[in-house]
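Descriptive analysis of the structure
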Amino acid sequence: MTAEAASPELETLVRRAEHVIPREDLATRLERGKPLRVKLGLDPTAADVTLGWAVPLRKLRDFQDAGHLAVLIIGDFTARVGDPSGKSETRPQLTKEEVQGYAHSCLASLMDILSEDNLEVRYNSEWLEPMDMGDILRLTARYTVAQMLERDDFSKRYRGNRPISLVEFMYPLLQGYDSVAVAADVELGGTDQLFNLGVGRDLQRAYGQEPQVLMTLPLLEGLDGVQKMSQSLGNYVAIREEPEVMFGQLMSMPDGLVGRYALLATDMTPDEIAEVEAAARTGGPEAGRAKRRVAARVVAIYHGRAAALGAEAAFDRQFKDNQAPDEVPAAAIPPDAIDGVAVYLPRVLAELGLASSRGEARRLLSQGGVRVNGEQVTGEELPLDEVKGALLQVGKRRFVRLTA
RNA sequence: GGCGGGAUGCCCGAGUGGCCAAAGGGAGCGGCCUGUAAAGUCGCCGGCGAAUGCCUUCAGAGGUUCAAAUCCUCUUCCCGCCA
C-alpha cells in the first residue's frame, strides 16, 4: 500500500471528521472516480433540525458539492424503534403519525442545507416494514448479546440495573440494514453512531456487498455546554429559528463553547477559529465580542449576512439598551381577567402563556419579574386604562403588546 | 416457575401511620450583578382571583384507620439471584 499524499478532495472531505474508518478505503474509492453513495440517516423524532444535526448534514453537502450522491435516509421506521445510542433510558416509542409529522417538517428544513442535485431521499420503512420473521432472524443471527453489551450505553445500563428492551438491540441492526438496502459506500454519523455504523459495515459484508466507509463527526454540545445538543433536552438551536432569536440563543452559550461552535457550526477558517477561541479564553468583553462573531456567522449561514447584522443590532437594542424588540406579539387582554375597571394581572400572564399558572404569575410579580411599559409592577391588579395597549414584559425576553 | 428487592414531584433522592404539598441535591424561573457567559447573591419552584383555607399528588385499583407516600390485598412494570 502506498501512502500517497492525500488529494485535495480527500482533504476537504475529511475535514472536521472525528473518525474515518478505514481511511485508505475512502481514498481508493475516490480514486475510482465514480460518484460515491454517501448515506446519512436521520430519525424524525422531533420537529426541528438543530445545529447539531447540521454538522453531519453539512458534511453530506460537502460530498454533494464534490459530485457525490447524498443518500438521505429518513428513518421513519427506525424512529419508531428508538435509537438507544448514548441514552441511559429507553426511548419512548413514537406512533406512525407522530413520526410522519416530524418527517414532514424536518425534510423542509433539511433542504436548507442540502442541494437538490445529487440527492436521493429514501424512507427506511420502504424495506424495513415488509421484513418477515425469517428476514429478521437472518439479521439477528449476525450479532451476539455480548457484542451488544460491549456498547458503553448498554453496559452502563446493565450494570446500573436499568432496563434494556430487546427492541433496543434491534436498532443497530435495522440501521445497519439500511446500508445494505441502499448499497452505501460511505455512511456519516455523529461519534455516538460509531457502533451502529460499524454494524452496517458488517452487515454489508454478510450480504455480499463491499463494506462502507464510516465517517463520524463530532457531536455539538448544546447551549448548556454539558450535554449534546438535543431537542428533548431543550438545549438546542433550530436552523429555522428566527435570526434575532437564534442570535440571542447563541449569545447565551458558555464561553467554553465558542471554539466548538466556531468549528462545527460556522464556516470559519482554522485561523479565525483559533482567534475566537483565544478571545474566549481571555474572558471579559473580549470573550463577549468573540461570541458575537460566532453567533453572527451562524445566523448568516441560515439567514444571510444582512439578517445576521440585523439580528445583532436587535440584540443590542433589547439587551444593551433594554428596549423592547421590534416585533412584539400582540394579544387581547383576556376578558375574564377584567373586573370592571381593574385588570387582574396573574390571569393575564397565565392565559397569554407568559407564566405557566396563575400561581407562577403571582410569584413573578412579587419577585419583580413583571414590567408594564418598562415599569416594574408588583401589585396584582392594575386599572384597565393603564393596561390597555401596554407592553407587558416578563423577565428579560418575554414580551406581549396588549391590544386595547 | 421460585425467592428477594424496588416504583416518590421535571430528574436524582430522603421519608416506613399524624408535625407531609412531602428533606436534600440538580435542572428551571425571577431580582441584583454581568459580556443575555461563568462565578456570586437574594428569592421562587403542584393548583385554586387573599387564606393559619380548599383541591390534586408519592405506579394502578381496592381495603384497614379518626388519620396512609407510609399498614393489608390484588394488579402492572423494573431489577437481582435461583430454575
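Parameters and conventions
- Residues numbered from 1 in each chain as written.
- Chains lettered and ligands numbered in written order.
- Predicted model: local features only at pLDDT ≥ 70, side-chain atom pairs only at ≥ 80, totals over all residues.
- Heavy atoms only, no water.
- Helix = DSSP H or I, 4+ residues; strand = E, 2+ residues; numbered from the N terminus.
- Expected span 1.5 Å × (residues − 1).
- Buried < 20%, exposed > 50% of the residue type's maximum accessible area, 1.4 Å probe, protein only.
- Polar contact = N/O pair within 3.5 Å; in protein donor to acceptor, adjacent residues only side chain to side chain.
- Near = heavy atom within 4 Å.
- pLDDT = per-residue confidence, 0-100.
- Axes fitted to C-alpha atoms, helices over the stretch in contact; angles between N-to-C directions.
- Left-handed = near helix turned anticlockwise from the far one by under 90°.
- Contact = heavy atoms within 4.5 Å.
- Nonpolar A, V, L, I, M, F, W, Y, C, P; charged D, E, K, R; others polar.
- Phe/Tyr/Trp six-rings, centres within 6.5 Å; stacked < 30°, edge-to-face > 60°.
- Pairing = 2+ DSSP bridges.
- Core = buried A, V, L, I, M, F, W, Y, C linked by side-chain atoms within 4.5 Å.
- Salt bridge = Lys/Arg side-chain N within 4 Å of Asp/Glu carboxyl O.

With that settled, the discussion passes to helix 3 (residues 51–65). Helix length check: helix 3 (15 residues) gives 20 Å between terminal C-alpha atoms against 21 Å at 1.5 Å per residue, within 8%. Helix 3 sits mainly inside the fold: 11 of its 15 residues count as buried. Along helix 3, the residues classified as buried are L51, G52, A54, V55, P56, L57, R58, K59, L60, F63 and Q64. Backbone nitrogen of G52 and a side-chain oxygen of the N-cap are separated by 3.1 Å at the start of helix 3; the cap is T50. Immediately beyond the C-terminal end of helix 3, within one or two residues, lies G67, with a positive phi of roughly 95 degrees.

Here we come to the protein's contact with RNA strand B. Residues in contact with RNA strand B amount to 34 residues; listed here are only the nearest, G248, D255, F315, R358 and R363. Of what RNA strand B places within 4 Å of the protein, 67% of the atoms are sugar or phosphate. The separation between a base oxygen of RNA strand B and a polar main-chain atom of G284 is 2.8 Å. Mapped by element, the contributors of at least two residues to the surface near RNA strand B are helix 12 (243–251), helix 15 (284–303), helix 16 (305–320) and helix 18 (358–366).

Moving on, we come to the confidence of the model for chain A. Across chain A, pLDDT averages 88, with 95% of residues at or above 70. Here the predicted complex scores 0.86 on pTM and 0.83 on ipTM.

Time to look at the packing of helix 14 (residues 270–282) against helix 15. Packing of helix 14 against helix 15 brings their axes to within 6 Å, and their N-to-C directions diverge by 145 degrees. Between helix 14 and helix 15 lies a crossing of left-handed hand. For the pair helix 14 and helix 15, the contacting residues are E272, E275, V276, A279, A280 and T282 in the first and G284, E286, A287, A290, R293, V294 and R297 in the second. Of the residues in the contact of helix 14 with helix 15, the class split is six nonpolar, two polar and five charged.

What follows concerns the packing of aromatic side chains. Any pair of aromatic rings gets described here by the distance separating the centres and the angle formed by the planes. This model, assessed by the stated rule, comprises four aromatic pairs. With a centroid separation of 6.4 Å and an interplanar angle of 65 degrees, the aromatic rings of Y143 and F195 are classed as edge-to-face. Taken together, the residues span a long stretch of sequence, with Y143 in the loop between helix 7 (133–140) and helix 8 (145–149) and F195 in helix 11 (residues 194–206) at a distance of 52 residues. Between F315 and F319 the ring centres are 5.1 Å apart and the planes differ by 45 degrees, which places this aromatic pair in the tilted class. Of this pair, F315 and F319 both sit in helix 16, separated by four residues, roughly a single helical turn.

Before going further, it helps to examine the sheet that holds strand 3 (residues 69–74). Spatial strand order, 1-6-5-2-3-4: six strands in an open sheet with mixed pairing. The open sheet has two free edges, formed respectively by strand 1 (19–21) and strand 4 (119–123), since each of these has just one partner strand. Sheet twist, expressed as the average angle between the axes of neighbouring strands with direction ignored, equals 20 degrees. By the bridge criterion, five bridges tie strand 3 to strand 4 in an arrangement that is parallel. The partner of I74 across the bridge, within strand 4, is Y123. Running at roughly 115 degrees to strand 6 (residues 213–217), helix 2 (residues 23–31) makes contact with strand 1, strand 5 (186–190) and strand 6 of the sheet. Packing of helix 3 onto the sheet brings it into contact with strand 2 (37–42), strand 3, strand 4, strand 5 and strand 6, and relative to strand 2 it is tilted by some 160 degrees.

To continue, consider the sheet that holds strand 8 (residues 338–339). Sheet architecture is open: three strands sit in the order 8-9-12, paired in antiparallel fashion. Looking at the sheet topology across the chains shown, the edges are occupied by strand 8 and strand 12 (381–383). Pairing of strand 9 (residues 342–344) with strand 12 involves three bridges; the strand directions are antiparallel. When the bridges of strand 12 are listed, Y344 appears paired with E381.

Before going further, it helps to spend a moment on the pairing of strand 6. Most of strand 6 is tucked away: five of the five residues are buried. Neither face of strand 6 is exposed, since V213, M215 and L217 on one face and L214 and T216 on the opposite face are all buried. Pairing geometry for strand 1 and strand 6, over three bridges, is antiparallel. Its bridge partner being in strand 6, H19 is matched across the sheet by T216. Strand direction decides the pairing type here: strand 5 and strand 6, joined by five bridges, are parallel. Residue pairing across strands places G189 opposite T216, the latter belonging to strand 6.

Further remarks concern the environment of G198. Inspection of the secondary structure assignment puts G198 in helix 11. In this structure, the C-alpha to C-alpha distance between G198 and I21, residues 177 residues apart in sequence, is 9.2 Å.

Here we come to the nonpolar core. In terms of nonpolar packing, the biggest core is built from 61 residues, with L26, L51, L57, L250 and Y261 touching the most fellow members. Of all the elements, helix 15 adds the most residues to this core, at seven residues. Excluding anything up to four places from it in sequence, L57 contacts L40, L42, V49, L72, L110, I113 and L114. Within the second largest apolar cluster, 23 residues are counted, among which are I333, L345, A355 and L392.

The subject of this paragraph is the pattern of salt bridges. Applying the stated criterion across every chain yields a total of 27 salt bridges. With a closest N to O distance of 3.5 Å, R205 and D202 form a salt bridge. Taken together, the residues span about one helical turn, with R205 and D202 both in helix 11 at a distance of three residues. For R205, a relative accessible area of 46% puts it in the partly exposed group. For the salt bridge of D267 with R297, the shortest nitrogen-to-oxygen distance reads 3.2 Å.

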